[in-house]
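# Structure assessment
Residues per chain, in single letters:
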Amino acid sequence: CAEQTLTQLTKETELCTQAVLFKIDGKGDWFYLEEPLPSKFARLFSSILYQVDGEYFLITPAEKLKVEVVDHPLVIVDYLRGNEAGMEVVTSLGIVHKISGIQDFDIKDEEITLTLERENTAKLGRACYYRFINEYILVDN
């Protein structure tokens, strides 16, 4: 029932405007009308950010706004090694996301990414990327 409501919300809510008012740059920084958005507002808006058919939107039951995303909307700056209960990742906005484990990461030569709730993608920030490579990818002979 909740999934059906989510699908209705993302597909049926009309766009308020064709203009792109929000932008998220390659570092995960948010902008509103080309001005930096304070992190407390970015955190708030990230809770209503959805990826729908490869595009990003801020969606409420009454409104839907396009968001321009340069790379990935979220940047992971830290992760906490998990146990059998999973692991946690922390975004540059300071939001903690629980994931089931290392198998959730999409590992490519140029980046390591993760799909989180509402189909939002996140990439490992530079320092986190190298830490991840050292801990999980490189193997001592």
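Everything numeric in this text was worked out from a predicted model, so none of it was measured.

What counts as what
Residues numbered from 1 in each chain as written. Predicted model: local features only at pLDDT ≥ 70, side-chain atom pairs only at ≥ 80, totals over all residues. Heavy atoms only, no water. Helix = DSSP H or I, 4+ residues; strand = E, 2+ residues; numbered from the N terminus. Buried < 20%, exposed > 50% of the residue type's maximum accessible area, 1.4 Å probe, protein only. Contact = heavy atoms within 4.5 Å. Areas by Shrake-Rupley, 256 points an atom, 1.4 Å probe, with all protein chains shown as cover. 1 Å grid on protein atoms, 1.4 Å probe; cavity = no way out; pocket = protein on both sides within 12 Å on 5 of 7 lines; lining within 4 Å. Points joined across faces, edges and corners; volume = space filled by probe spheres on them. Expected span 1.5 Å × (residues − 1). Arc of directions from axis to C-beta. Phe/Tyr/Trp six-rings, centres within 6.5 Å; stacked < 30°, edge-to-face > 60°. Lys NZ or Arg CZ within 6 Å of the ring centre and 35° of its normal.

## Section: the overall build of the protein
On a plain count of helices and strands, the protein comes out with three helices and twelve strands. Residues counted as buried form 38% of the 141 residues belonging to the protein. Counting contacts in the protein only where the partners sit at least 6 residues apart, residues at least 24 apart contribute 51% of the total. In the structure as shown, the protein presents an accessible area of about 8700 Å², 51% of it carried by carbon and sulfur atoms.

## Concerning the layout of surface pockets
A volume near 190 Å³ is recorded for the largest pocket. Surrounding the largest pocket, 13 residues form its lining, K123, L124, G125, R126 and Y129 being those nearest its centre. Elements with a minimum of two residues in the lining of the largest pocket: strand 7 (74-83), strand 12 (121-124) and helix 3 (126-137).

## Considerations on helix 3
Counted at 1.5 Å a residue, the expected span for helix 3 with its twelve residues is 16 Å, and the 15 Å between its end C-alpha atoms agrees. For helix 3, the complete set of buried residues consists of C128, Y129, F132 and I133. Here the buried residues of helix 3 occupy an arc of 140° about the axis, which is enough to place them on one side. What points out from helix 3, more than 90 degrees from its buried face, is the exposed set A127 and N134.

## A closer look at unusual backbone geometry
Positive phi values are uncommon outside glycine, yet L33 reaches one of about 50°. Note on placement: L33 falls in the loop between strand 2 (30-32) and strand 3 (35-36). Despite not being glycine, E119 has its phi angle at roughly 65°, a positive value. Its place among the elements puts E119 in the loop between strand 11 (112-115) and strand 12. Given a relative accessible area of 48%, E119 falls into the partly exposed group.

## Examining the packing of aromatic side chains
This structure, assessed with the given rule, holds seven aromatic pairs. Their ring planes at 80° and their centres at 5.9 Å tell us that Y79 and F132 sit as a pair that is edge-to-face. Residue Y79 is located in strand 7, and its partner F132 is located in helix 3; the two are separated by 53 residues in the primary sequence. Every member of this aromatic cluster is reached through a ring pair, and the members are Y79, F105, F132 and Y136. The ring of F57 is capped by K64, whose NZ or CZ atom sits 4.6 Å from the centre of that ring. Over the face of the ring belonging to Y50 we find R118, whose NZ or CZ atom lies 5.6 Å from the ring centre.

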